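Take a look at the letters that make up each chain.
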Amino acid sequence: MLSTGALRAHLLAARLAGPVATSREVSLRSYRLFAARDPRVLLGLHPERGWDECDLLRLMADKCGVSDDPAHVSGPDVIDPERTLAGLDAFAERLSNVAARRAPVLFGTGHPHRLLGFYAALADALSAAGCAVLTPAQGRCIDITTRFGVRTYNLDYVRGVALVREPGVWVRGGEPGAHTHSPLPVRVALEAAVAAHGWLPELVVGDHGWVCGAGQLGIEAIGLADTDDPALFVGEAEGQVSVAVPLDDAVRSAYYRPLTRYVLNRACLSQ
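If you're wondering where the values come from, they're calculated on a predicted model, not measured in any experiment.

Participant: Would you mind going over the pairing of strand β4 (residues 141-146) in detail, with residue names and values included?
Facilitator: As paired strands, β4 and strand β5 (residues 149-158) are joined by six bridges and run antiparallel to one another. Its bridge partner being in β5, D143 is matched across the sheet by T152. Count of turn residues in the β4/β5 antiparallel hairpin: two residues.

Participant: Describe the packing of aromatic side chains, with residues and values.
Facilitator: All chains considered together, the criterion is met by two aromatic pairs. Measuring from ring centre to ring centre gives 5.4 Å for F118 and Y119, while their planes differ by 70°; the resulting arrangement is edge-to-face. In textbook terms, an aromatic cluster arises when at least three aromatic residues are bridged by ring pairs, as seen for F91, F118 and Y119. In this structure, R49 packs its charged tip against the face of W51, placed 4.0 Å from the ring centre.

Participant: Describe the side chain of S30, with residues and values.
Facilitator: Note that S30 resides in helix α2 (residues 24-35). Apart from residues no more than four positions distant in its own chain, S30 is found in contact with V41, D228 and P230.

Participant: Would you mind going over the pattern of salt bridges in detail, with residue names and values included?
Facilitator: The final tally for this structure, using the stated rule, is 12 salt bridges. Between R159 and D124 there is a salt bridge, and its shortest N-O distance comes to 2.5 Å. Taken together, the residues span a long stretch of sequence, with R159 in the loop between β5 and β6 (161-165) and D124 in helix α6 (residues 112-128) at a distance of 35 residues. Note on D124: relative accessible area 37%, which makes it partly exposed. Each of R49, D55 and R58 takes part in salt bridges that share partners, so that together they form one network.

Participant: Describe in detail α2, supporting the description with residues and values.
Facilitator: For α2, spanning 12 residues, the distance from its first C-alpha to its last is 17 Å, which sits close to the expected 16 Å at 1.5 Å a residue. Among all positions in α2, only R24, S27, L28, S30, Y31, L33 and F34 are buried. The inward-facing, buried residues of α2 contact β1 (18-23), α3 (39-42), α4 (53-64), β2 (76-79) and α9 (230-238).

Participant: Outline the packing of helix α5 (residues 81-101) against α6, listing residues and values.
Facilitator: Between α5 and α6, the least distance of the axes is 11 Å, while the angle of their chain directions is 30°. Accordingly, the angle class assigned to the pair α5 and α6 is roughly parallel. By crossing handedness, the relation of α5 to α6 is classed as right-handed. Of the residues in α6, those touching α5 at F91, L95, V98 and A99 are F118, L122 and L126. Along the lines of polarity and charge, the residues of the contact of α5 with α6 split into seven nonpolar, no polar and no charged.

Participant: Outline the sheet that holds strand β3 (residues 105-108), listing residues and values.
Facilitator: Spatial strand order, β4-β5-β6-β3-β7-β8-β9: seven strands in an open sheet with mixed pairing. Each edge of the open sheet is held by one strand with a lone partner, namely β4 and β9 (243-246). Taken pair by pair, the neighbouring strands of this sheet meet at an average axis angle of 25°, ignoring direction. By the bridge criterion, five bridges tie β5 to β6 in an arrangement that is antiparallel. When the bridges of β6 are listed, Y157 appears paired with A162. Sheet contacts for α9: β8 (221-225) and β9; angle to β9, the most-contacted strand, approximately 140°.

Calculation rules
- Residues numbered from 1 in each chain as written.
- Predicted model: local features only at pLDDT ≥ 70, side-chain atom pairs only at ≥ 80, totals over all residues.
- Heavy atoms only, no water.
- Pairing = 2+ DSSP bridges.
- Helix = DSSP H or I, 4+ residues; strand = E, 2+ residues; numbered from the N terminus.
- Phe/Tyr/Trp six-rings, centres within 6.5 Å; stacked < 30°, edge-to-face > 60°.
- Lys NZ or Arg CZ within 6 Å of the ring centre and 35° of its normal.
- Contact = heavy atoms within 4.5 Å.
- Salt bridge = Lys/Arg side-chain N within 4 Å of Asp/Glu carboxyl O.
- Buried < 20%, exposed > 50% of the residue type's maximum accessible area, 1.4 Å probe, protein only.
- Expected span 1.5 Å × (residues − 1).
- Axes fitted to C-alpha atoms, helices over the stretch in contact; angles between N-to-C directions.
- Parallel < 35°, antiparallel > 145°, perpendicular 65-115°, else oblique.
- Left-handed = near helix turned anticlockwise from the far one by under 90°.
- Nonpolar A, V, L, I, M, F, W, Y, C, P; charged D, E, K, R; others polar.

Here it is, written out as structure tokens:
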């Protein structure tokens, strides 16, 4: 059993919390874009109220622990590890609840290079607990707008976790998938789940557009989010997202393994 104190120390040592690699400049830029309703940072969320930059800064200070001083405009951003721990506890509670019901779940990530292993271990544990881990729309083509224009990706699953790939670039043991913020993959997956089975997952687990896209459609969604991802925390504040865990979402994949053990233990899903 990984203790709370040991995990707190790991969060700080791995820079998952405390001073993180995400810069203050990047976070503030995201808040400006979100306030302007830029779809690149809305991640599929349609906020119920208007959020200006000051509102977002106060929200992110409350949810993540970043500085609420608008004059602080440079340097590394900061995440309070106590907020990360509280988020992981709430995250684990949702997993425990869905496992007790043996309810269907859907996993998806826009950060496959970093977070695939974290989600895959959770998917394995829920599957072992009797939950159906859904993999709808396998291989489906999705046109996603990127900074390079519209590009076509394929929806794929690795150990029960959805991701997107550029066609023709994957080889076994190679590229794990593409980085994306788009909500389109989860919309395609959910539509296919209804068409194939006639029902939806009771919980979507992931990040970026997977969480906000599902939450906007009224499906319970939980996930991980960095300080430059205000959409998940706005969604949590407004009730579309059940849990948003604040942490750096782009450190080395191995650094998330202690979080996996902690969450599985808290959810009583350890093998």
